[in-house]
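Given next are the chains, with one letter for each unit.
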Amino acid sequence: MKVRIKSVVKIVSIEELIVIPLSRNGDFVEALNFYEDVPGGRAGRLVVIHDKYGEISDEPVVIAIRGEKAYLEAKNIEEDFDKIRRVIPLEKVVKGNVVPFYVNIQVLKEVDTNSRGVRGFVNYLSKYGNVNFSVLKGIVSLEELV
């Protein structure tokens, strides 16, 4: 995925979500999140996280975060989803030319299970069981548009 990272972004909300890191470019991490788009939903979406303190592992492990959400312009989202679909099941994905961008993050030990970014992951696991997310290592890359 290619993103245009702005020096100033408009914060639209604060969210808790569960992510699986996929790729790193400096302080920026591309991650997979499952979002409850409808009750019981588990739509896959790609997110970008500003990890200025190196708190997020480079391994595709499940991690919970809270952060301020903005949006970034992105390209090649569908190509990344195609690569991910080859190794884990994804039935519905959030498409478009923008992705959520999380700044001022905190890594959480406990999460609010009412958050849609957490419930979507729980819904995904309830349908597919324990998925081996380690197969996602190195299948996508994050690049900055200039």
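See the structure printed just above.
Residues numbered from 1 in each chain as written. Predicted model: local features only at pLDDT ≥ 70, side-chain atom pairs only at ≥ 80, totals over all residues. Heavy atoms only, no water.

Moving on, we come to helix α2 (residues 116-128). With 13 residues, α2 extends 18 Å from end C-alpha to end C-alpha; this agrees with the ideal 18 Å at 1.5 Å per step. For α2, the set of buried residues is Gly117, Val118, Gly120, Phe121, Asn123 and Tyr124. In this structure, the buried residues of α2 make contact with β2 (13-25) and β3 (28-35). (Helix = DSSP H or I, 4+ residues; strand = E, 2+ residues; numbered from the N terminus. Expected span 1.5 Å × (residues − 1). Buried < 20%, exposed > 50% of the residue type's maximum accessible area, 1.4 Å probe, protein only. Contact = heavy atoms within 4.5 Å.)

As enumerated under the stated definition, the model contains 14 salt bridges in all. Between Asp51 and Arg24 there is a salt bridge, with its nearest N and O atoms 2.8 Å apart. On the criterion of sequence distance, the pair formed by Asp51 in the loop between β4 (43-50) and β5 (63-75) and Arg24 in strand β2 is long-range, its members being 27 residues apart. Judged by relative accessible area, Asp51 falls into the buried class, the value being 1%. Since its relative accessible area comes to 28%, Arg24 is described here as partly exposed. (Salt bridge = Lys/Arg side-chain N within 4 Å of Asp/Glu carboxyl O.)

Okay, the packing of aromatic side chains next. Geometry of an aromatic ring pair is reported as the spacing of the ring centres plus the angle between the planes. Applying the stated rule across the entire model yields 6 aromatic pairs. Relative to Phe121, the ring of Phe34 has its centre 6.4 Å away and its plane inclined at 40°; by these criteria the two rings are tilted. Here Phe34 is found in strand β3, whereas its partner Phe121 is found in helix α2, with 87 residues between them in sequence. Between the aromatic rings of Tyr124 and Tyr128, the centroid separation amounts to 4.8 Å while the plane-to-plane angle is 45°, which identifies the pairing as tilted. Here Tyr128 and Tyr124 lie together in helix α2, a separation of 4 residues that amounts to about one turn. Owing to a relative accessible area of 28%, Tyr128 belongs among the partly exposed residues under this scheme. An aromatic cluster of three or more residues is present, and its members are Phe34, Phe121, Tyr124, Tyr128 and Phe133. (Phe/Tyr/Trp six-rings, centres within 6.5 Å; stacked < 30°, edge-to-face > 60°.)

With that out of the way, let us pick up the pairing of β2. Here β2 runs beside β5; their pairing, made up of 7 bridges, is antiparallel. Considered in β5, the bridge of Ile14 is made with Glu68. Joining the antiparallel neighbours β2 and β3 is a turn of 2 residues, in which Gly26 adopts a positive phi near 65°. (Pairing = 2+ DSSP bridges.)

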